[in-house]
Amino acid sequence: MTDTQDTAAPESGAAPDGGTIEIRLEGLAKRFPGQREPAVDDLTMEIPKGEIVILVGPSGCGKTTTMKMINRIIEPSSGRIFLDGEDVTKVNPDQLRRRIGYVIQQIGLFPHLSIANNIATVPKLLGWKKERISERVDELLEMVGMDPGQYRNRYPKELSGGQRQRVGVARAMSADPDVMLMDEPFGAIDPITRDRLQNEFLRLQEQIKKTIIFVTHDIDEAIKMGDRIAILREQSHIAQFDTPERILVNPADDFVADFIGRGASLKRLSLSRVRDVELHQWPTVEQGASHDEVHRLLEDSDKSAVLVLDSERRPVKWVNADHLRRASDGKALSELGLPAEAVVQPNATLSDTLNEMLSARYSTAIVVDSSNAYQGIVDIDTINETVRSLRRAEQGRLRGGDDEDEDS
Amino acid sequence: MSTTSDETKAPRVASGASTAAGPRRRRSLGGYLFMPVVLGLVLLFTYLAVSRRDLSPTESSRLAFDYIVAKTVEHLELTIASTVLVLVIAIPVGILLTRSFSRAITPAAIAVFNIGQAVPTIGLLFIFAITWSIGFVPVVVALTAYTTLPVLRNTMVGLTQVDASVIESARGMGMTKLAVLTRIELPLAVPVIMAGLRTALTINVGTATLATFVGAGALGELIVSGFSDVSPFITIVAGILVAVLALIVDYLAGIAEDVLRPRGL
């Protein structure tokens, strides 16, 4: 094997040599003793820097085994692993693991250690100074949306499932590894919290740009989270390794098509985000405005209602002419009309947006920025148009081919 | 597996009266005081009964304060020596038997320690007396043989019940096997190991009364002298003393359990 230069592992994201490939698996295989068939058979794959690559497949396809071979929790029987150009197949596994973040479904927080000490695990192993560790812990807790003052001295059993998951992610990022391995990290969490954590994680990833290997059996999660998806069949044979768009539009074979399942058009909505579509503008007023002003606005526009914003431009209410007529003249706008529900941020998927609209029973969703200030409106027609254009693109690719399922 | 827990019996006293024990406290102050008070009262009544009674010459020599203290010290020496020996044997062996490399020999090893507990201590003492020696050392060896199993078994249970995902995440973050053992597995196993130790201690206090038959003295001597001197009174007093001693030891071990149990569990 090549000599180990792991002591001077590049800490920063800007790799000097490795270029755009962070992880390279070369002919990787695993045979467990007493089993005739290998669990993973001759897998070769390249994982680009800064992307989330999803390993997805039916249970028993070897996706978890594959992931665990990367940090050598499971030692490969043959093949080689390169991390940022360096062969790490034979380096000290404990040293290797300190450079790779690791999150598992059960999180595995240490119950006898405080949240701060849980997060400090790897920095302590690396011999960081106390002050540096303490700063890093606070920074990470803030990064995952938990108040350090409130949580650093708590114990895992005092946290909810969602909070534990956040601490698990914070702990995995503690020493700022370039690579993170995540094994169904959101698998044991209720659907509503899961959705929120997924969105938070995607927002976080936009800033931290880690290279992430993410294992799941849930194709919807794969489509939502992945920059690239590797769909694996048994023994980790790659059925298709591509972007979610291309997999949905152009599945490589029947296995992939089956795995994606029906309702591909709806799934495509998970691929487009609010920031990718054109926002409509809508007449708005400050909540202190007079009723006359609202009447004027309504006359000047083709819309039937105005959106009332507070002083920070956060949406408060929908008000139409009817509401004004029924109210006494001096009544504040914030006390009239319908609540401003179905509010989404630019990184929400169109699928989430549609969901919000349906549950609020509105045909529009309000788009706000990260401080909840009004940005614009997405309406149901926009979503409809997006579905249609995605389908057109797909049909174009299929070159007038056979009977692709025409759902919805 | 744990012995009588006095927290259930302890009356609940409003907490906040004491800040001494801090967040590690598992019981209220009243809970901690209950047992010593009861035991103190028992000793007081025993003392009163002895001092008010018209003692025969043998009784007064047997129940003399200095004599009782000497026998109690002997008793404690036997108990502590055997328990320390149990710890030194059972915990390392328990650790070794739960490592992945030793899985094959674990059942055989358990069987050996099972024999130690299956053979009656009194029998073991007589065998030692015939084939080896009498006195302090053989008694300690016999007591150790008897109580290694509960501590060993609790050590193993304590270590194996640690959540596999906790160990996997520790290994996955690059902790060495030794670090996982000392920083994760052992702290998490402490409550169960301590429960086993508490059992062993209490058994040892009781069983150490047999030491008198092989010339190692201790409080058993007092009990037996009640028979030979035909004075049930001596036997009763000695029995009370042994019981109180066992409960004190158990009480102290309970406090140790509370103090050593990691926070967050």
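These numbers come from a predicted model, not from an experiment. (Residues numbered from 1 in each chain as written. Chains lettered and ligands numbered in written order. Predicted model: local features only at pLDDT ≥ 70, side-chain atom pairs only at ≥ 80, totals over all residues.)

A. Examining the overall build of chain A more closely. Along its length, chain A carries 16 helices and 17 strands. Considered along the principal axes of its C-alpha atoms, chain A spans approximately 80 × 60 × 40 Å. Within chain A, the proportion of its 408 residues that are buried is 39%. For chain A, the share of sequence-separated contacts (at least 6 apart) that also reach a separation of at least 24 residues comes to 65%. (Helix = DSSP H or I, 4+ residues; strand = E, 2+ residues; numbered from the N terminus. Buried ≥ 20, exposed ≤ 12 C-beta atoms within 10 Å, placed from the backbone. Contact = placed C-beta atoms within 7 Å.)

B. Looking closely at the overall build of chain B. Secondary structure assignment for chain B yields 10 helices and 0 strands. Secondary structure elements of chain B occur, N-terminal to C-terminal, as α-α-α-α-α-α-α-α-α-α. Counting only C-alpha atoms, chain B reaches 75 × 55 × 25 Å along its principal axes. Taken over 265 residues, chain B has a buried fraction of 35%.

C. Up close: the sheet that holds strand E15 (residues 343-344) of chain A. Residues and elements named next belong to chain A. The 3 strands are arranged E15-E16-E17 in an open sheet whose pairing can be described as mixed. Among the strands making up the open sheet, the edge pair consists of E15 and strand E17 (374-379). Across 5 bridges, the pairing between strand E16 (residues 364-368) and E17 is antiparallel. Bridge assignment links Thr364 to a residue of E17, and that residue is Asp379. (Pairing = 2+ DSSP bridges.)

D. Geometry of the confidence of the model for chain B. All names here are of chain B. Residues of chain B with pLDDT of at least 70 account for 90%, and the chain-wide mean is 84. For chain B, helix H2 (residues 57-62) is the element with the lowest average pLDDT, namely 81, and helix H7 (residues 164-172) is the one with the highest, namely 94. Low confidence marks residues 1-24, where pLDDT is under 50. Its contacts with residues over four positions away, or in another chain, come to 34 contacts. ipTM for the predicted complex: 0.77, alongside a pTM of 0.72. (pLDDT = per-residue confidence, 0-100.)

E. Representation of the nonpolar core. Ranked by size, the top nonpolar core spans 123 residues in total, and within it Ile54(A), Ile213(A) and Phe214(A) carry the most contacts. Here this core takes 12 residues from helix H8 (residues 177-207) of chain B, the largest share from any one element. (Core = buried A, V, L, I, M, F, W, Y, C linked by C-beta atoms within 7 Å.)

F. Here's a closer look at helix H6 (residues 136-160) of chain B. All names here are of chain B. Under the 1.5 Å per step criterion, the end-to-end length of H6 is 36 Å for 25 residues, consistent within 8% with the ideal 36 Å. Residue Thr147 marks the point of greatest curvature in H6, where the axis turns by about 40°; the proline Pro150 follows within four residues. With 20 of 25 residues buried, H6 lies mostly within the body of the structure. (Expected span 1.5 Å × (residues − 1). Bend = angle between axes of the 7 residues up to and from the residue.)

G. Here's a closer look at the packing of helix H9 (residues 219-228) of chain B against helix H10 (residues 232-260) of chain B. Residues and elements named next belong to chain B. Look at H9 against H10: their axes get within 7 Å of each other, and the N-to-C directions meet at 160°. One way to sum up the angle between H9 and H10 is to call them roughly antiparallel. Seen from above, H9 lies across H10 with left-handed handedness. Where H9 abuts H10, its residues Leu219, Leu222, Ile223, Ser225, Gly226 and Phe227 lie against Pro232, Ile234, Thr235, Ala238, Gly239, Leu241 and Val242. Counted by class, the contact of H9 with H10 contains 9 nonpolar, 4 polar and no charged residues. (Axes fitted to C-alpha atoms, helices over the stretch in contact; angles between N-to-C directions. Parallel < 35°, antiparallel > 145°, perpendicular 65-115°, else oblique. Left-handed = near helix turned anticlockwise from the far one by under 90°. Nonpolar A, V, L, I, M, F, W, Y, C, P; charged D, E, K, R; others polar.)

H. Up close: the interface of chain A and chain B. The partner chain B presents 18 residues to the 20 residues of chain A that form the contact. For the side of chain A that touches chain B, the secondary-structure elements that each account for two or more residues are helix H2 (93-97) and helix H4 (121-125) of chain A. Looking at the side of chain A that touches chain B residue by residue, the classes come out as 10 nonpolar, 6 polar and 4 charged.

I. Representation of the sheet that holds strand E11 (residues 284-286) of chain A in the model. Residues and elements named next belong to chain A. Taken together, 4 strands build an open sheet; the order of strands is E11-E12-E13-E14 and the sheet is mixed. A strand with exactly one partner marks an edge of an open sheet, and here the two such strands are E11 and strand E14 (338-339). Bridge analysis of strand E13 (residues 315-320) against E14 gives 2 bridges, and the strand direction is antiparallel. Looking across to E14, one finds that Trp318 is bridged to Leu338.

J. Representation of unusual backbone geometry within the structure. All names here are of chain A. Non-glycine residue Glu184 carries a positive phi angle of around 45°. By secondary structure assignment, the location of Glu184 is in the loop between strand E7 (179-183) and helix H8 (191-208). Not every positive phi belongs to a glycine, and Arg313 is a case in point at roughly 65°. Residue Arg313 is classed as partly exposed on the basis of its C-beta count, with 15 C-beta atoms lying within 10 Å.

K. Representation of the packing of helix H3 (residues 65-97) of chain B against H8(B) in the model. Residue and element names in this part refer to chain B. Running from N to C, H3 and H8 point in directions that differ by 145°, and their axes come no closer than 10 Å. The hand of the H3/H8 crossing is right-handed. Residues Thr79, Ser82, Thr83, Val86, Leu87, Ile91 and Ile95 of H3 form the contact with H8, whose own contacting residues are Leu181, Ile193, Leu197, Ala200, Leu201, Asn204 and Val205. Its residues placed into classes, the contact of H3 with H8 shows 10 nonpolar, 4 polar and no charged.

L. Geometry of the environment of Ile122(B). Take Ile122(B): it is sitting in helix H5 (residues 121-131). Residue classification places Ile122(B) among the partly exposed residues on the basis of 13 C-beta atoms within 10 Å.

M. How the structure looks around the environment of Tyr32(B). Residues and elements named next belong to chain B. Mapped onto the elements, Tyr32 comes out in helix H1 (residues 29-52). A residue is classified by how many C-beta atoms lie within 10 Å of it, and Tyr32, with 22 of them, is buried. Sequence-wise, Tyr32 and Glu74 are 42 residues apart; in three dimensions their C-alpha atoms are separated by 27 Å.

N. The confidence of the model for chain A, seen in detail. All names here are of chain A. On average, residues of chain A score 85 in pLDDT, and 90% of them are at 70 or above. Throughout residues 1-18 the model reports pLDDT below 50, and contacts reaching past four residues in sequence, or to other chains, amount to 22 contacts. Contacts of residues 400-408 to residues separated by more than four positions or lying in other chains number 9 contacts, the stretch itself having pLDDT below 50.

O. Spatial organisation of the environment of Ala340(A). Residue and element names in this part refer to chain A. Within the secondary structure layout, Ala340 lies in the loop between E14 and E15. Remark: the alpha-carbon pair of Ala340 and Glu142, spanning 198 residues in sequence, is separated by 29 Å. Dropping the residues within four chain positions of it, Ala340 is found in contact with Leu307, Pro315, Val316, Lys317, Trp318 and Ile366.

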